[in-house]
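Geometric and topological summary
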Amino acid sequence: MKKTLILFFLLTCIIYGYSQEYAMVIHGGAGVISRDRMNEEAEQEYRSKLNEALMLGDSLLKNGVVCTEVVARVINVMENSPLFNAGKGAVFTNKGTNEMDASIMEGKTLNAGAVAGVTDIKNPINAAKEVMENSEHVMLSGTGASEFAKKQGLEIVPAKYFFTKNRYESLQRLLQQEREREEKDNMGTVGCAVLDKYGNLCAGTSTGGMTNKKYGRIGDSPIIGAGTYANNKTCAVSCTGHGEYYIRLGFARDISALMEYKGLPVKEACREEIRKLTEMGGTGGVIGIDAKANIAMEFNTSGMFRGYLKSTGEKEIAIFAE
Ligand code: ASP
């Protein structure tokens, strides 16, 4: 009896010692998102899509799927929904087209991949992952990126796949008002940062960019170090907001540097970076996770679609700044 008990105790120690905690955090864009602008039905739709993304991530992570695969699959859920400014719901350029950007980075190897200005790849994050895993490059753009994605066997869709009435009407409204930007409709970029069972971090971001963008404008989302960054030594982060500011700040990489050189916890590092963004006059948000499953979801806008979960059962989905 005594021997059995000792054996049981030892087995428990081994199992607990080796089973690493996992966690993930997602965003669906930051911007002018307030209760008075969103009815209950729309709020429920967003919450349920964020929940679907989190639950898929949970089951993949539980089954030992690696962080890079989890990030892409979770982002696919949001890319395939017209609710978010990525994939299916991408915003329109000034010319009435859809040009999408995406990137992914693995914290263990510092490998990264990105695509910019792509027009016919159904899931740009998958193309970014292919660039990371199956090419010698970090970023591919435009028709070259499509050619590569086709070769890798990814789904190519006609441009009309990305047509959504409300995004198109937003562009028409903007054009009519002859305004350069309308922050409200840029929101909806999607991102995911994961800590897997093996202690590895990964982050990814996918976007349609900013409504009414011109001249082949590329934002921060496909730029490693601006919109996306991951390093097992520090954190994995994905950003959303006015990309020009994020590029100039080297936003995502700066968060990692604040942790590495200054010893800031992930939440403090994200806050500090948002403070710098505000000081410069930029708006947006960021999600982050570290190797100990600490989570950050920081923004300076009235809302950010966001959520996280941990293997401990802890979970949260939120929209507004509360
Ligand atoms: N950061 C994206 C860009 O500037 C847009 C967004 O996140 O809302 O392209």
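Before going into details, it helps to say that this report is about the structure given with it. Keep in mind it's a predicted model, so treat the numbers as computed, not measured. (Residues numbered from 1 in each chain as written. Predicted model: local features only at pLDDT ≥ 70, side-chain atom pairs only at ≥ 80, totals over all residues. Heavy atoms only, no water.)

**Structural notes on the sheet that holds strand β4 (residues 139-141)**
Here eight strands make up an open sheet; going across it, the order is β4-β3-β2-β6-β5-β1-β11-β12 and the pairing mixed. At either margin of the open sheet sits one strand with a lone partner, and together these are β4 and β12 (315-320). Going from strand to strand, the sheet's axes swing by 5° on average, the running direction of each strand aside. The pairing of strand β1 (residues 23-31) with strand β5 (residues 190-195) spans five bridges and is antiparallel. Residue pairing for β5: Ile26 is matched across the bridge by Cys192. Strands β2 (100-106), β3 (112-118), β4 and β6 (201-207) of the sheet are contacted by helix α4 (residues 124-134), whose axis makes an angle of about 45° with β2. (Pairing = 2+ DSSP bridges. Helix = DSSP H or I, 4+ residues; strand = E, 2+ residues; numbered from the N terminus. Axes fitted to C-alpha atoms, helices over the stretch in contact; angles between N-to-C directions. Contact = heavy atoms within 4.5 Å.)

**Comments concerning the sheet that holds strand β10 (residues 295-299)**
Strand order across the open sheet formed by four strands is β7-β8-β9-β10, with antiparallel pairing between neighbours. With one partner strand each, in any of the chains shown, β7 (228-230) and β10 form the two edges of the open sheet. Each strand of the sheet is rotated relative to its neighbour by a mean of 10°, with strand direction disregarded. Inspection of the sheet shows β7 paired to strand β8 (residues 235-241) by three bridges, in the antiparallel sense. The residue of β8 that forms the bridge with Thr228 is Ser238. Sheet strands touched by helix α9 (residues 251-262): β7, β8 and β9 (284-290). Its angle to β8, the strand with the most contacts, is close to 145°.

**Regarding the pairing of β8**
The buried count for β8 comes to six of seven residues, which makes it a mostly enclosed element. Connecting β7 to the antiparallel partner β8 that follows it, the hairpin turn spans four residues. Here β8 pairs with β9 via seven bridges, running antiparallel. Note that in β9 the partner of Cys239 across the bridge is Val286. (Buried < 20%, exposed > 50% of the residue type's maximum accessible area, 1.4 Å probe, protein only.)

**Remarks on the site of the ligand**
Residues in contact with the ligand amount to 11 residues; listed here are only the nearest, Thr189, Arg217, Asp220, Thr240 and Gly241. Here Gly241 contributes a backbone N or O atom positioned 2.7 Å from a nitrogen atom of the ligand. Between the ligand and Gly243, the relevant distance is 2.9 Å, taken from an oxygen atom to a main-chain nitrogen or oxygen of the residue. In isolation the ligand exposes 270 Å². Once the protein is present, 98% of that is buried. Broken down by class, the residue content of the shell around the ligand amounts to one nonpolar, eight polar and two charged. (Near = heavy atom within 4 Å. Polar contact = N/O pair within 3.5 Å; in protein donor to acceptor, adjacent residues only side chain to side chain. Areas by Shrake-Rupley, 256 points an atom, 1.4 Å probe, with all protein chains shown as cover. Nonpolar A, V, L, I, M, F, W, Y, C, P; charged D, E, K, R; others polar.)

**Topic: helix α2 (residues 40-62)**
Its 23 residues give α2 an end-to-end C-alpha distance of 32 Å, which sits within 8% of 33 Å, the value for a rise of 1.5 Å per residue. Packed against the buried residues of α2 are β1, α3 (67-79), β5, β11 (303-310) and β12. The N-capping residue of α2, defined by a side-chain oxygen 3.2 Å from the backbone nitrogen of Glu41, is Asn39. Gly64 lies just past α2 and shows a positive phi near 80°. (Expected span 1.5 Å × (residues − 1).)

**Details of the environment of Arg271**
With respect to the helices, strands and loops of the structure, Arg271 is situated in helix α10 (residues 266-280). The exposure class of Arg271 is partly exposed, given its relative accessible area of 41%. Separated by 14 residues in the primary sequence, Arg271 and Gly285 place their C-alpha atoms 9.5 Å from one another. Side-chain polar atoms of Arg271 contact the side chain of Glu298, separated by 3.3 Å.

**Considerations on the packing of aromatic side chains**
In this structure the tally under the stated criterion is eight aromatic pairs. Taking the centre distance of 5.2 Å and the plane angle of 75° together, the rings of Phe92 and Tyr168 count as edge-to-face. Of the two residues, Phe92 is situated in the loop between α3 and β2 and Tyr168 in helix α6 (residues 165-177); the sequence distance between them amounts to 76 residues. By relative accessible area, Phe92 is classed as buried at 2%. Their ring planes at 45° and their centres at 5.3 Å tell us that Phe163 and Tyr168 sit as a pair that is tilted. The class of Tyr168 is partly exposed, set by a relative accessible area of 31%. Among the aromatic residues, those joined into a cluster by ring pairs are Tyr46, Phe84 and Phe305. (Phe/Tyr/Trp six-rings, centres within 6.5 Å; stacked < 30°, edge-to-face > 60°.)

**Here we look at the packing of α9 against α10**
The N-to-C vectors of α9 and α10 enclose an angle of 135°; their axes lie 9 Å apart at closest approach. Judged by the inter-axis angle, α9 sits oblique to α10. Read as a crossing pair, α9 and α10 show a hand that is right-handed. Across from Phe251, Asp254, Ile255, Leu258 and Met259 in α9, the residues of α10 making contact are Val266, Ala269, Cys270, Glu272, Glu273, Ile274, Lys276 and Leu277. A class-by-class count of the residues in the contact of α9 with α10 yields nine nonpolar, no polar and four charged. (Parallel < 35°, antiparallel > 145°, perpendicular 65-115°, else oblique. Left-handed = near helix turned anticlockwise from the far one by under 90°.)

**Overview of the pattern of salt bridges**
Taken as a whole and judged by the stated rule, the model has 17 salt bridges. Across the pair Glu43 and Arg35 runs a salt bridge, and its minimum N-O distance is 3.6 Å. Taking the relative accessible area as the measure of exposure, Glu43 reaches 11% and is therefore buried. A salt bridge links Glu69 to Arg73; its shortest N-O distance comes to 3.5 Å. Here Arg73 and Glu69 lie together in helix α3, a separation of four residues that amounts to about one turn. Among the charged side chains, a salt-bridge network with shared partners connects Glu69, Arg73, Lys129 and Glu133. (Salt bridge = Lys/Arg side-chain N within 4 Å of Asp/Glu carboxyl O.)

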